[in-house]
Amino acid sequence: MKKIFILIFLLSFVNQVQAYDCQFDKIKPGVNKKDLEEIYLFLPRNQEGINGIPIIAEQICSDDTREIMGLVLELTFFDDKLIKVNYINTLSISTILFDISNNDYKTNFKRNQQQVEKKQSEFYDTTINNNSYFYVLLKDKNRQQEYLEINSDKDSEKLDKFLLQIEETQ
């Protein structure tokens with residue numbers, strides 16, 4: 001009987017560790033729109049220049065999506081190549097993006113316990129394989145907003161140049 005309880009406990013723990021079934025690791029700068037079809041993300045192709053496409057996480061996840069509800073992705077492409085990914089957690093009750101950055105993108109971010117205990121905003125960044133990862137958890141009293149941004153270091157200049165051109169024409 002004791003073994004059954006241990007087995008049930010372990011199975012419930014495994015379910016908690018992998019509560020969402022998404023392939024976020026496939027959504028990173030450097031891939032193209034055709035590559036994203038592998039995770040059933042069909043996007044218009046052959047668009048020239050910089051273009052952004054918003055995605056709701058539930059569109060690309062299977063099974064139970066409660067953990068990632070309210071998660072919005074903004075994919076920025078140069079032609080058909082993904083050069084930037086912005087995640088925004090619109091539900092202030094969870095910090096799912098911290099888990100996604102560590103579990104799916106292997107960023108190895110470690111929480112600053114002093115900031116957590118003092119309920120201060122948290123900022124973490126790292127670079128892996130020519131991609132920069134920026135995680136921010138902004139806190140204000142009982143409210144918080146969570147962001148994860150992934151930029152291609154090689155292609156960020158193209159985006160900056162494009163945005164500068166827009167700014168100059170206004």
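The coordinates are above.
S.K.: Is there a simple way to explain a nonpolar patch on the surface in this structure?
M.R.: There is a patch of nonpolar side chains on the surface, built from Met69, Leu91 and Ile93 and spanning about 320 Å² of accessible area. Tracing the chain through its elements places Met69 in the loop between strand S1 (50-56) and strand S2 (71-78).

S.K.: Would you mind going over unusual backbone geometry with me for this structure?
M.R.: Trans is the common state for peptide bonds, and a negative phi is the common state for residues other than glycine. Here the phi dihedral of Lys106 falls at roughly 55 degrees; this positive angle occurs in a residue that is not glycine. We classify Lys106 as exposed; its relative accessible area is 57%. Phi is positive for Lys119, which is not a glycine, with a value near 55 degrees. Note that Lys119 resides in the loop between helix H4 (113-117) and strand S4 (122-128). We classify Lys119 as exposed; its relative accessible area is 58%.

S.K.: Would you take a moment to explain the nonpolar core for this structure?
M.R.: Considering soluble globular proteins, one finds that nonpolar side chains tend to be buried as a cluster. In terms of nonpolar packing, the biggest core is built from 34 residues, with Phe24, Ile27, Leu75 and Tyr87 touching the most fellow members. If you list the elements that add at least two residues to this core, you get S1, S2, strand S3 (81-89), helix H3 (96-103), strand S5 (131-140) and strand S6 (143-152). In this structure, Leu75 is in contact with Ile27, Leu36, Leu41, Leu43, Asn51, Gly52, Ile53, Ile55, Leu82, Lys84 and Val85, ignoring residues within four places of it in sequence.

S.K.: Just checking my understanding: could you explain the sheet that holds S2 for this structure?
M.R.: Adjacent strands of a sheet form backbone hydrogen bonds with each other and so pair up, either parallel or antiparallel. Taken in spatial order, the 6 strands make up an open sheet running S1-S2-S3-S6-S5-S4, and their pairing is antiparallel. Only two strands of the sheet have a single partner each, and these edge strands are S1 and S4. The average angle at which neighbouring strand axes cross in this sheet is 15 degrees, direction not considered. In this sheet, S3 lies alongside S2 in antiparallel orientation, the contact comprising 8 bridges. By the bridge assignment for S3, Leu73 is matched with Tyr87. Set on the sheet, H3 makes contact with S2, S3, S4, S5 and S6; between it and S6 the angle comes to about 30 degrees.

Parameters and conventions
- Residues numbered from 1 in each chain as written.
- Predicted model: local features only at pLDDT ≥ 70, side-chain atom pairs only at ≥ 80, totals over all residues.
- Heavy atoms only, no water.
- Patch = residues over 30% accessible without salt bridge, like charges linked within 9 Å, V, L, I, M, F, W, Y side chains within 5 Å.
- Areas by Shrake-Rupley, 256 points an atom, 1.4 Å probe, with all protein chains shown as cover.
- Salt bridge = Lys/Arg side-chain N within 4 Å of Asp/Glu carboxyl O.
- Helix = DSSP H or I, 4+ residues; strand = E, 2+ residues; numbered from the N terminus.
- Buried < 20%, exposed > 50% of the residue type's maximum accessible area, 1.4 Å probe, protein only.
- Core = buried A, V, L, I, M, F, W, Y, C linked by side-chain atoms within 4.5 Å.
- Contact = heavy atoms within 4.5 Å.
- Pairing = 2+ DSSP bridges.
- Axes fitted to C-alpha atoms, helices over the stretch in contact; angles between N-to-C directions.

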